[in-house]
Amino acid sequence: MRNRRFLVLRRAAALVLFLALAQAPAWAHDLQAELPPLFRQRIADIENRLAAPDGILSARDASNAALAQLALGGDPGVAEALLRQVFAAQDPETGALPWLLRGGEVKDDNANEFGAQSWGPILIGYRDRLSPAAKRELEAHARLALRALARSVDVNYTNIYLMNAVDTLLIGQALGDAQALARGRALLDAWRSAVHDHGVAEFASPTYYSTDLNSLTVAYRYARDERDRTTIRNILDFFWVDLSLSLVNGKLVGAHSRDYDPIHGAGYISLFLGNLGCGKCALPVDQIIEKIYPYLNALPGGYRAPPGIEALNRVNPRWILARWGADPAAVRSLYVDGGAAMGATAQGNLSSTSKVFAIDLLRDDGPQVTISFIASERDLGYGQTVPMGRGRRHSGAIGLNPVIAQSKDWALGSFSVSKSGDPDAQPISLSLILPRYANEIRVNGAPLAADRRLNDDVRTIFVRVGRSCAAIRILAADASQPAEVRDDAPQQAQEAMRVLWRTDRDHMQLSFLAHAASCGGLGAAEWIAQLETAPLANRSDGAQMSLAAQAPGNAPMRIVRNAAPRGRAMLIDAPGRGAGGVLSANGVDYADVLYRGWPRGFERAQ
């Protein structure tokens, strides 16, 4: 009887999928068509891991695979078996979940949010697919999980805070737990208030914005109270405004928090960008099971960006200012001019994986390489990773400790890089990543020749891709060895090459002036001349270094940095510092979208 019921349900699910494909927009159609085979392969892989005595399996993979199995109309017995593996590992007192069910030990409290993320959606959307016993078990373990989810998460830890709020909200709704439901709503309100005050802390991350949207879109699908749906829809509108403003030719451009692809700036966010009409956003081809969340959003009833938001990424030029912290200098800026984009974070305590300065000269096809700086103490200059045990990897990257003033298509910046204190660390290297496919690259005015030391210090770098140009003037670099041009990228970054500075000391500073925009009919010599003739003031009294520049037709820029290693950096003059609002483009502030949603008739930045 159960097998017959399973076949009927599977045929019904196939019919629903067929009708959804017939009615879906192109981006949703692609997700609905391409992801199910990957899910089935991944579920089979997870089952094989369970069968193997030494198979490594995480709680999050097992729980999400159960959701995928049910969403695809698969055998619910498989989903129940996966869930029971997680239930067996849950702490019976605290409700805490481990990161790994087997295959080692990783201590990470975020396992609670990730491991229980699918439980609310399963109870709300697929309860009738489970056996009575499995329903009772899931309800009991979800109630227990609420104890672990009651922990305090910093509101600026964006992806985990939102996941905690949504997990709590949906489990509370599914169980009829008024206290949990109220806590989930309060967490979302607190996050929205914090962002309305000082912006998204984990900003523009190609990786973690997708984690945020996994949580928010599944909440939008399964929340039943219209007040909750309105709150979540308004927050999603705000995220999509932010994404649209930063999207050029299918790529998120500008500075990124926590960017795990330092060369291309790609990530799972591409699974959501079809909502912005992004036909060029390639889908990641791996089998990560958390793709179930963008898949569910692609089905009828998922979140759809309102009319007009997509138009924001066609405004040209656009000057975007956004906050990412309570400090007035915690500002990110982005200027887009046709196929050229330059963005920066003014300063702040950012992770070593954050991309604090970025120039994108976009081509029509192929992977896009971002021109940016990477500091490392293992000379992993392209952001490669090395094994660290227990399945973890490390890039050897160290923070750039930036202070950058940007005035539209010009930027003045300084990095102060110090060794981490790791006794196994190698000398500091600082790499400037360049696109090897560029139509033209010149160093010190001469065409680039790869794999050679330069005869003198690097003074200028010029890059042209199509009709977009960028030039960087190196004002100072206290490397202890001559700069080199390296064409030594690994397979995953073969479109890139780099200029490399190294030092045997424990500290390195580099300062620069940069300009990026449409070429405007000017050649390399004219572009380089603009930087070399820009009025520049460089003062140092031994304790402080002060840099000021006046770009043609732009507002003045000035930065100050203490000369001591890890010395305080101060952003003195930067257009828009503290005055750009939470998220603005060409003077239009979009902060109130968080509370009002996307206002109809307000179709584009002015």
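Every value quoted in this text rests on a predicted model; they were computed, and no experiment measured them.

1. Quick word on the overall build of the protein chain
Now for step 1: Secondary structure assignment for the protein chain yields 14 helices and 28 strands.
Now for step 2: Among the 606 residues that make up the protein chain, the fraction classed as buried is 58%.
Now for step 3: Sequence separation of 24 or more characterises 68% of the internal contacts of the protein chain that already satisfy a separation of 6 or more.
Now for step 4: When the accessible area of the protein chain is evaluated, it comes to approximately 23700 Å², of which 50% is carbon and sulfur surface.

2. Structural notes on the pattern of salt bridges
Now for step 1: The final tally for this structure, using the stated rule, is 26 salt bridges.
Now for step 2: Here Glu 80 makes a salt bridge to Arg 84, at a shortest N to O gap of 3.8 Å. In this pair, Glu 80 and Arg 84 are both assigned in helix 4 (residues 76-89), four residues apart and thus about one turn of the helix distant.
Now for step 3: Take Glu 80: its relative accessible area is 6%, and that puts it in the buried class.
Now for step 4: The partner of Asp 259 in a salt bridge is Lys 355, with the nearest N and O atoms 3.0 Å apart. With Asp 259 in the loop between strand 4 (251-252) and helix 12 (292-298) and Lys 355 in the loop between strand 7 (340-345) and strand 8 (357-361), the pair connects residues that are 96 residues apart, well separated along the chain.
Now for step 5: The exposure class assigned to Asp 259 is buried, which follows from its relative accessible area of 3%.
Now for step 6: Since its relative accessible area comes to 6%, Lys 355 is described here as buried.

3. A few points about empty space enclosed by the protein
Now for step 1: Overall, the coordinates contain five cavities of 30 Å³ or more when judged by the stated rule.
Now for step 2: Looking at the second largest cavity, its volume works out to about 70 Å³.
Now for step 3: The wall of the second largest cavity is formed by Ala 204, Ser 246, Val 253, Gly 254, Ala 255, Ile 320, Ala 322, Arg 332, Ser 333 and Leu 334.
Now for step 4: Going through the elements one at a time, strand 5 (318-323) and strand 6 (331-337) are the ones with two or more residues in the lining of the second largest cavity.
Now for step 5: In terms of residue count, the dominant contributor to the lining of the second largest cavity is strand 6 (three residues).
Now for step 6: The residue inventory of the lining of the second largest cavity, partitioned by class, reads six nonpolar, three polar and one charged.

Criteria and thresholds
Residues numbered from 1 in each chain as written. Predicted model: local features only at pLDDT ≥ 70, side-chain atom pairs only at ≥ 80, totals over all residues. Heavy atoms only, no water. Helix = DSSP H or I, 4+ residues; strand = E, 2+ residues; numbered from the N terminus. Buried < 20%, exposed > 50% of the residue type's maximum accessible area, 1.4 Å probe, protein only. Contact = heavy atoms within 4.5 Å. Areas by Shrake-Rupley, 256 points an atom, 1.4 Å probe, with all protein chains shown as cover. Salt bridge = Lys/Arg side-chain N within 4 Å of Asp/Glu carboxyl O. 1 Å grid on protein atoms, 1.4 Å probe; cavity = no way out; pocket = protein on both sides within 12 Å on 5 of 7 lines; lining within 4 Å. Points joined across faces, edges and corners; volume = space filled by probe spheres on them. Nonpolar A, V, L, I, M, F, W, Y, C, P; charged D, E, K, R; others polar.

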